[in-house]
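Coordinate analysis (summary)
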Amino acid sequence: MTKKADIGSKRLISLEPEKWVKWLTSFTDVQVREIVNSEFQWISRESDVLIRAYTPEYGEFLLINELQLYYTGKLPRRIRAYAGLAEEKYQLPVYPVLVNILQSSYANIPQSYFSEFAGLQARQDYRVINLWEVNAEIVFERSLTALLPFVPVLKGGGEEYTVVGWALPTLHLLL
C-alpha cells in the first residue's frame, strides 16, 4: 500500500523530473526516459520514486529516490534491498539517493550499507542529501519545483527575505 507521503513525492518529482534528476546526480546531460512503476512483488512497500534515465557517458540507468522525513538506522538495508530488486527486475545499473527532509538525532548519516557474515560481504553505496544542508536559494535559481514545499526546512529557507525575495517572482511555476 502506498503511503500519502510517497504519493506527494511522486507528484512533486513528476512536475519536472529532468531538473530533479540533474540536481540529485549532478549529471548535466541526463535525460529522463520515464518514471517507472517501482512496485516489487517480493516486498509490500514501493520505493518512493524510480526513474529510468540516460546519459551519454553512463548509458541507461535507474535512479532510486528515497525521500524520508527523518533518517532511521533501517534505511541503509532498505536502500540495498531496493537497489538489488530494481537492478534485477530492470537489468539496469542503479543510482540510489536518500533525501532526508528533517534533521534527526543521528550525527553522521552513513552513505553506504555494509554487512559481513561468515566471511561474505555485502555493500551498497548511495548518495545522501540532507535538505537542512541545502541552500534554499538553489530552489529558485534552478527552478526546482519539487523542492518548493521544502524551502522552510532548507538552509536559509526560514528567513523572510528568502521566502519573499525569491519565492514571489517564481510563483508562476506552480500556477
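In this text, all values refer to a predicted model and were calculated from it rather than measured experimentally. (Residues numbered from 1 in each chain as written. Predicted model: local features only at pLDDT ≥ 70, side-chain atom pairs only at ≥ 80, totals over all residues. Heavy atoms only, no water.)

Topic: the sheet that holds strand β2 (residues 49-55)
- Across the sheet, which stays open at both edges, the five strands sit in the order β1-β2-β3-β4-β7 with mixed pairing between neighbours. Two strands lie at the open edges of the sheet, namely β1 (31-36) and β7 (127-130), each paired on one side alone. The mean angle between the axes of side-by-side strands here comes to 25 degrees, regardless of whether they run parallel or antiparallel.
- Sheet strands touched by helix α2 (residues 17-25): β1, β2, β3 (59-68), β4 (94-100) and β7. Its angle to β3, the strand with the most contacts, is close to 85 degrees.
- Here helix α3 (residues 75-90) sits on the sheet in contact with β1, β2, β3 and β4, set at roughly 150 degrees to β3. (Pairing = 2+ DSSP bridges. Helix = DSSP H or I, 4+ residues; strand = E, 2+ residues; numbered from the N terminus. Axes fitted to C-alpha atoms, helices over the stretch in contact; angles between N-to-C directions. Contact = heavy atoms within 4.5 Å.)

So, the pairing of strand β5 (residues 112-117)
- Sheet analysis places β5 next to strand β6 (residues 120-125), joined by six bridges and oriented antiparallel. Counterpart to S115 in the pairing with β6 is A122.
- Two successive antiparallel strands, β5 and β6, enclose a turn made up of two residues, where A118 displays a positive phi of approximately 50 degrees.

Thoughts on α2
- Here α2 has its buried residues at P17, W20, V21, W23, L24 and T25.
- Positive backbone phi, at 65 degrees, marks S26, one or two positions downstream of α2. (Buried < 20%, exposed > 50% of the residue type's maximum accessible area, 1.4 Å probe, protein only.)

Some thoughts on the packing of aromatic side chains
- Tallying each qualifying case throughout the model produces five aromatic pairs.
- An angle of 50 degrees between the planes, with centres 5.4 Å apart, marks the rings of W20 and W23 as tilted. Placement of both W20 and W23 in helix α2 is noted, with a separation of three residues, approximately one turn of the helix.
- A ring pair is formed by F27 and Y95, whose centres lie 5.6 Å apart and whose planes are at 65 degrees; its orientation type is edge-to-face. Taken together, the residues span a long stretch of sequence, with F27 in the loop between α2 and β1 and Y95 in strand β4 at a distance of 68 residues.
- Judged by its relative accessible area of 17%, F27 is buried.
- What makes Y95 partly exposed here is its relative accessible area of 22%.
- Taken together, F27, Y58, F61 and Y95 form an aromatic cluster joined through their ring pairs. (Phe/Tyr/Trp six-rings, centres within 6.5 Å; stacked < 30°, edge-to-face > 60°.)

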